[in-house]
2 protein chains.
Amino acid sequence: MTPQREAVLAAVRSSRVHPSAEEIIRQVRTTSPGIGLATVYRSLDVLVRSGRITELRLGDGAVARYDGNVRRHDHVVCSGCERVFDVEVDLPSSVVSAAGGQVDVDIDDYDLEFRGRCERCRG
Amino acid sequence: MTPQREAVLAAVRSSRVHPSAEEIIRQVRTTSPGIGLATVYRSLDVLVRSGRITELRLGDGAVARYDGNVRRHDHVVCSGCERVFDVEVDLPSSVVSAAGGQVDVDIDDYDLEFRGRCERCRG
DNA sequence: CCCTCGTTGAGAGTGATTCTCACTCTCTCC
DNA sequence: GGAGAGAGTGAGAATCACTCTCAACGAGGG
């Protein structure tokens, strides 16, 4: 762990908004002004591979977002403002086994993303 | 609907592999050799907006894939070969309402993606 | 000290997608 | 049975998020 990687990790962990790489670099540069773009991307990659953060592809999937919460959880995305909220729901194992029963794949994980309108974006 | 859009729609509908734009253009050019790349992307956009096909972002989300099956269904992605399989599972409405109970969002849809290893990629 | 090796920052490169623009086609509407 | 308007097209440039390359740096071991 180099100071740059620590700074990136701290930025992801302290954010509540599932930040993109661009938001992370903006935050990190407030404390480490000289850090390079490539270093941030490399640090994110290292942190994802070592299980310290997770990478998310939400909504249209165009940009990667990062989550400092590595406990299993799911997301709700507002289709108006694209904000992302964490939720903890229990997917019955019968659902997973139902999926596994339909194709010859050993399922070991899943991603569940809900979509809707938040209170600000309704009406 | 122009001939180009018909050709793109036919290519997506006839494919069983959730094709990317690149795979679609390759297929479409076998019957419409002069079609341009931009036209294929524009046609895909029109078809998605009109609900005739759906766009998927699976796995790392780097490339968009398209699905001619617009009935609600979910996907299993092999983490080895990245092949995508359709499954029809029933997410209990209690799961959706549990998610909706945790955040102030009116949830109207969800995406569920399973990951695992297919029979070819095991071992 | 000095060497090695991993890491860094800058900037070029990449791949998927989108934009721009001149051109064409298909409709009206005289 | 043109004329003009508007949508759609193909080619190529542009964009965007990200990844690679490379020279320089820096900590640790001998």
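Quantities reported herein were computed from a predicted structural model and do not represent experimental measurements.

On a plain count of helices and strands, chain A comes out with 4 helices and 5 strands. The N-to-C order of helical and strand elements in chain A reads α-α-α-β-β-β-β-α-β. With the C-alpha coordinates of chain A rotated into their principal frame, the extents come out at 50 × 40 × 20 Å. Out of the 123 residues belonging to chain A, those deemed buried represent 40%.

What follows covers the packing of aromatic side chains. In this structure the tally under the stated criterion is 0 aromatic pairs over all chains. Lying across the ring of A:Tyr110, A:Arg72 places its NZ or CZ 4.0 Å from the centre.

Overlaying chain A on chain B yields an RMSD of 0.1 Å, the required transformation being a rotation through 180° with an accompanying axial translation of 0.0 Å. On this basis, the relationship between the two copies can be described by a two-fold rotation axis. Taking the C-alpha atom as reference, chain A places A:Leu112 closest to the rotation axis, 2.3 Å from it. Both copies present the same face, since 100% of the interface residues in chain A are matched by interface residues at the equivalent positions in chain B.

Let us look at the protein's contact with DNA strand D. Close to DNA strand D lie 16 residues; A:Tyr41, A:Ala64, B:Thr2, B:Thr39 and B:Arg42 are nearest. When the atoms of DNA strand D within 4 Å of the protein are sorted by group, sugar and phosphate make up 69%. Within the side chain of B:Gln4, an N or O atom sits 3.0 Å from a phosphate oxygen of DNA strand D. At 2.5 Å from a phosphate oxygen of DNA strand D is found a side-chain nitrogen or oxygen belonging to B:Thr39. Of all the secondary-structure elements, those providing two or more residues to the surface near DNA strand D are α3 (37-49) of chain A together with α1 (3-14) and α3 (37-49) of chain B. In terms of residue class, the surface near DNA strand D is built from 8 nonpolar, 5 polar and 3 charged.

The two faces of the sheet receive side chains in turn, since in a regular strand these alternate between them. Strand direction decides the pairing type here: strand β5 (residues 105-118) of chain A and strand β5 (residues 105-118) of chain B, joined by 13 bridges, are antiparallel. Residue pairing for β5(B): A:Gly116 is matched across the bridge by B:Ile107. With 4 bridges connecting them, strand β3 (residues 74-78) of chain B and β5(B) associate as parallel partners. Within β5(B), the residue paired with B:His75 across the bridge is B:Glu113.

Attention shifts here to unusual backbone geometry. Residue and element names in this part refer to chain A. Its identity as a non-glycine residue notwithstanding, His-18 has a phi of 50°, on the positive side. Mapped onto the elements of the fold, His-18 is located in the loop between α1 (3-14) and α2 (21-31). His-18 sits in the buried class, given a relative accessible area of 5%.

Overall, mixed pairing links the 6 strands, which are arranged β4(A)-β3(A)-β5(A)-β5(B)-β3(B)-β4(B) in an open sheet. A strand with exactly one partner marks an edge of an open sheet, and here the two such strands are β4 (84-87) of chain A together with β4 (84-87) of chain B. Averaged over all pairs of adjacent strands, the angle between their axes in this sheet comes to 30°, without regard to strand direction. Along the sheet face, helix α4 (residues 93-102) of chain B touches β4 and β5 of chain A together with β5 of chain B and points at about 120° away from the line of β5(B).

Criteria and thresholds
Throughout, residues of each chain are indexed from 1 in the direction in which the sequence is written. Labels follow written order: the first chain is A, the first ligand is 1, and so on. Only residues with pLDDT of at least 70 are given local features in this predicted model, and only at 80 or more are side-chain atom pairs given and counted; all residues enter the totals for whole chains, interfaces and linings. As a rule here, side-chain values cover all heavy atoms of the structure and leave hydrogens and water aside. A run of DSSP states H or I qualifies as a helix once it reaches four residues; a run of E qualifies as a strand once it reaches two. Both are numbered from the N-terminal end. For each residue, the accessible area found with a 1.4 Å probe, counting protein chains only, is set against the maximum for its type, and the residue is called buried under 20%, exposed over 50%, and partly exposed in between. Classification of ring pairs rests on two measures: the distance between centres of Phe, Tyr or Trp rings, Trp counted by its six-membered ring, which must be within 6.5 Å, and the angle between planes, read as stacked under 30 degrees, edge-to-face over 60 and tilted in between. For a lysine, the NZ atom is tested; for an arginine, the CZ atom; a charge sits over a ring if that atom is within 6 Å of the ring centre and within 35 degrees of the ring normal. Only residues with pLDDT of at least 70 in both copies count here: their C-alpha atoms drive the least-squares fit that superposes the copies. When checking whether two residues touch, look at their non-hydrogen atoms; a contact exists if any pair is within 4.5 Å. Working definition: residue near molecule or strand if any one of its non-hydrogen atoms lies within 4 Å of it. Residues adjacent in sequence count toward polar contacts only when both atoms are side-chain atoms; beyond that, a polar contact is any pair of N or O atoms within 3.5 Å, and within protein one must be able to donate a hydrogen and the other to accept it. Gly counts as polar in this scheme, as do all residues outside two lists: the nonpolar Ala, Val, Leu, Ile, Met, Phe, Trp, Tyr, Cys and Pro, and the charged Asp, Glu, Lys and Arg. Should DSSP find at least two bridges between two strands, the strands are taken to pair. Here, axes are lines fitted to C-alpha atoms. For helices the fit covers the stretch in contact, and angles between N-to-C directions go from 0 to 180 degrees.

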